[in-house]
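Residues per chain are reported as follows:
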Amino acid sequence: MDHLRKQPARRLRLGQVIVGVLALGSAAALPGSTAAASAAPGGAAPAASAAVRTSASSVGVSSPAALGAASPARTDRQQLPVLRPARTGAAAGPATAVSSPGAVPSATAAGHGVGTPAQSFDGVSALDNKRAAGFDLEPPDEGLGASSDYVVNFVNVTGEVRSTSGAPLGHPFYLNDFFHEAAAANTSDPRIYFDAHTQRWVASILGYAFNSAGTRVTASHVDVAVSRTADPRGAWNVVRFDTSNPSHTGCPCLADYPILGLDRDNVYISTNEFTGDLQHFNGAQLYALSLAQLRAGAAHPAMVTFENLSVAGVQGFHVQPANTTGDPGVEYLMSSLDPNGTFDNRIAVWAVTDPGAVSRGGTPALSVRVIDSQAYAVPPNAQTPPGVCNGSLCKNTPTPTTGVVSANDDAMQEVQYVNGLLVGALGTALTIPGDTGSRAGIAWFVVRPQVAGGTVSGATRVVRQGYLAERGEYLLFPHVNMTEQGAMAMTFGLGGPATFLSAGYATAPAGGAFGAVQVAAAGVAPDHGFTGTEAFGGVGRWGDYSAGQLVPGTGTIWLATQYIPGTGNGNANWGNRIIALHLG
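This write-up is about the structure you can find in this document.

Cut-offs applied
Residues numbered from 1 in each chain as written. Predicted model: local features only at pLDDT ≥ 70, side-chain atom pairs only at ≥ 80, totals over all residues. Heavy atoms only, no water. Helix = DSSP H or I, 4+ residues; strand = E, 2+ residues; numbered from the N terminus. Buried < 20%, exposed > 50% of the residue type's maximum accessible area, 1.4 Å probe, protein only. Contact = heavy atoms within 4.5 Å. Disulfide = S-S within 2.5 Å. Pairing = 2+ DSSP bridges. Phe/Tyr/Trp six-rings, centres within 6.5 Å; stacked < 30°, edge-to-face > 60°. Polar contact = N/O pair within 3.5 Å; in protein donor to acceptor, adjacent residues only side chain to side chain.

So, the overall build of the protein
Link 1 in the chain: Per the secondary structure count, the protein includes 5 helices and 40 strands.
Link 2 in the chain: Within the protein, the fraction of its 584 residues that count as buried is 64%.
Link 3 in the chain: Considering only intrachain contacts with a sequence separation of at least 6, the fraction spanning at least 24 residues in the protein is 67%.

Some remarks on the state of the cysteines
Working definition: the covalent bond between the sulfur atoms of two cysteines is a disulfide.
Link 1 in the chain: Tallying each qualifying case throughout the model produces 2 disulfides.
Link 2 in the chain: With a sulfur-sulfur separation of 1.8 Å, cysteine 251 is cross-linked through a disulfide to cysteine 253. Its S-S torsion of approximately -85° makes the covalent link between cysteine 251 and cysteine 253 left-handed.
Link 3 in the chain: For cysteine 251, a relative accessible area of 15% puts it in the buried group.
Link 4 in the chain: The side chain of cysteine 389 participates in a disulfide bridge whose partner is cysteine 394; the two sulfur atoms lie 2.0 Å from each other. Disulfide cysteine 389 to cysteine 394: torsion about the S-S bond roughly 105°, handedness right-handed. You'll find cysteine 389 and cysteine 394 in the same group, each marked buried.

What about the pairing of strand E34 (residues 474–482)?
Link 1 in the chain: Taking burial as the measure, the 9 residues of E34 include 9 buried ones, the bulk of the element.
Link 2 in the chain: When E34 meets strand E35 (residues 488–496), the two strands line up antiparallel, connected through 7 bridges. Within E35, the position partnered with methionine 482 by the bridge is methionine 488.
Link 3 in the chain: The loop that links E34 with its antiparallel partner E35 comprises 5 residues; one of these, glycine 486, has a positive phi angle of about 100°.

Structural notes on helix H2 (residues 126–133)
Link 1 in the chain: With 6 of 8 residues buried, H2 is to be regarded as a mostly interior element.
Link 2 in the chain: Immediately beyond the C-terminal end of H2, within one or two residues, lies glycine 134, with a positive phi of roughly 90°.

Side note on the packing of aromatic side chains
Link 1 in the chain: For the coordinates displayed, the defined rule picks out 18 aromatic pairs.
Link 2 in the chain: Taking the centre distance of 5.6 Å and the plane angle of 70° together, the rings of phenylalanine 154 and phenylalanine 178 count as edge-to-face. Taken as a pair, phenylalanine 154 in strand E7 (residues 150–155) and phenylalanine 178 in helix H3 (residues 175–178) lie far apart in primary sequence, 24 residues in all.
Link 3 in the chain: On the accessibility criterion, phenylalanine 154 (1% relative accessible area) is buried.
Link 4 in the chain: Owing to a relative accessible area of 0%, phenylalanine 178 belongs among the buried residues under this scheme.
Link 5 in the chain: The interplanar angle of 75° and the centroid separation of 5.2 Å between the aromatic rings of tryptophan 444 and phenylalanine 514 together place this pair among those described as edge-to-face.

Concerning the sheet that holds strand E6 (residues 142–146)
Link 1 in the chain: One open sheet holds the 4 strands; their spatial order is E6-E7-E8-E9, and the pairing between them is antiparallel. Taken across any chain shown, the strands that pair with only one partner, and hence form the sheet edges, are E6 and strand E9 (173–174).
Link 2 in the chain: By the bridge criterion, 6 bridges tie E7 to strand E8 (residues 158–163) in an arrangement that is antiparallel. Its bridge partner being in E8, asparagine 153 is matched across the sheet by glutamate 160.

Structural notes on the pairing of strand E10 (residues 186–195)
Link 1 in the chain: Among the 10 residues that make up E10, 10 are buried, leaving the element largely enclosed by the rest of the structure.
Link 2 in the chain: As defined by bridge partners, E10 adjoins strand E11 (residues 200–210) across 8 bridges and the pair is classed as antiparallel. Bridging from a neighbouring strand, serine 188 pairs with leucine 206 of E11.
Link 3 in the chain: Hairpin geometry of E10 and E11 is characterised by an intervening segment of 4 residues between the two adjacent antiparallel strands and by a positive phi of about 60° at glutamine 199.

Quick look at the environment of leucine 291
Link 1 in the chain: Here leucine 291 lies in helix H4 (residues 291–295).
Link 2 in the chain: The class for leucine 291 is buried, based on a relative accessible area of 1%.
Link 3 in the chain: The spacing of leucine 291 and proline 301 is 10 residues in sequence and 8.4 Å in space, taken between C-alpha atoms.
Link 4 in the chain: Contacts of leucine 291, omitting those with residues within four sequence positions, involve Asp195, Thr198, Val202, Leu262, Asp263, Arg264, Asp265, Asn266 and Val267.

Structural notes on the side chain of threonine 491
Link 1 in the chain: Tracing the sequence through the fold places threonine 491 in strand E35.
Link 2 in the chain: Polar side-chain contacts of threonine 491 include one of 2.9 Å to the backbone oxygen of glycine 504.
Link 3 in the chain: What threonine 491 contacts, discounting residues up to four positions off in sequence, is Phe477, Pro478, His479, Gly504, Tyr505, Ser546, Ala547, Leu559, Ala560 and Thr561.

A word on the environment of tyrosine 287
Link 1 in the chain: Structurally, tyrosine 287 is set in strand E16 (residues 281–290).
Link 2 in the chain: Accessibility expressed as a relative area gives 0% for tyrosine 287, which makes it buried.
Link 3 in the chain: The spatial distance from the C-alpha of tyrosine 287 to the C-alpha of alanine 51 is 9.7 Å, given a sequence separation of 236 residues.
Link 4 in the chain: In this structure the side chain of tyrosine 287 is engaged in a polar contact, spanning 3.4 Å, whose partner is the side chain of asparagine 245.

Okay, here's the thing in structure tokens:
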């Protein structure tokens, strides 16, 4: 989560810290439990999973224009450090063995890229976040949505609306106000997307609460907002649904890392569920909400829940629902595996069939198939130039930061479905010829999914894949997208021992490989963030994700990722860069 979220990794690791405040409660619990069936590569299609019907509840109407009309002063407040969990817990069954690649995969020569930024400007920064919310947060989790007229940037707990020329259309605003949360509520992991089909904006955020000692989660929920028009400055309908799941093991639980996906029928939210004591992992949960009812402002829009997902004998993790362009009649999802936190050469492709059943009062089905892929491995943390924290979170005393920033894990990042193809990317360890050691790089995948008989079929396969790396540098938290014609664009953080954290990108022509790494915005200072100090573990938080969106029919892809634009305010100095690439 944004306030120094534990990096749910595929290996045991030390808990991270969270800087947050006590949160409000949430709605009624969700009943029941289901699990997705698993399959090994080349195996029979899994049986459909059962689903639980429930509903979300309206919490009000919001307007970014009203929230951004002024920049209210907020009381500066110190946050409560809390240890975050590792991704541990009982396996859903015996893991399927995979063959070892022998070593971490090697990067290959770059292809020929296409496109230069048609637009490039800064989005929400640590300074904007402090002014809007009254406190400092790390890491700078990135949400970005774009239409032909507007770009909306949600980062941590701050939002901003701009024109596509980069002109701000109001002040940055506090997302707690937007989502009808209490000012002191813990919120995290915002996402936003523009649905070109309905001409509506969709956004989500996590809310959660701790006990008075800050040692146990007492409730969690997800807020979903849908605009009433194509203008994001206007009114939005906001609903909330409970994710505490008290009937699950060790709950009420934390619905960490909510991921937003969309098709013609539903809004999809996937979460990683951790027990209330933050010590065990229960697996991924998937929620499907009726888009038509959200748009209509229904008091209790219909929702179907798939609980405790598993695949190939282990718990589902970071199951990424696709942002879908077109109408395949199926919602696809992808996830990586690597249950032992080492390496893997498989990915999982999921499918929600009959998605319209949610609005009709029925239940869709969920299936999953494991397919072979190129190898990937847990990426190493990135060493960048050390800095100095001297703000209130460092007791107003110059305190060294290590310059080490977390690369998190090899989980699949945001997934897109375009013209019959799924495209996704993840961070991976890479061995680069001529380099001095393993680096954090990127593995990307283009998959052609197929459904037969209501389940993911054996015809599903990887049709293109590859790696992206830069000698002497670390590439962090990729987001990849594709045009209808097959050209691709990817953004990521970029840093190294002699390179300040910067915003990078790369492009690929239709059917081709990615070209050389390009710099969208060069970092100008070391990481001065408080999470990089010894008191907070000495590993700075960066990411946890970048963002982007295709504007259908235009060949334009918008991208956003983090970099360091200045010295900051003593506690944090992250910013983010937004670019538009016209790929034809």
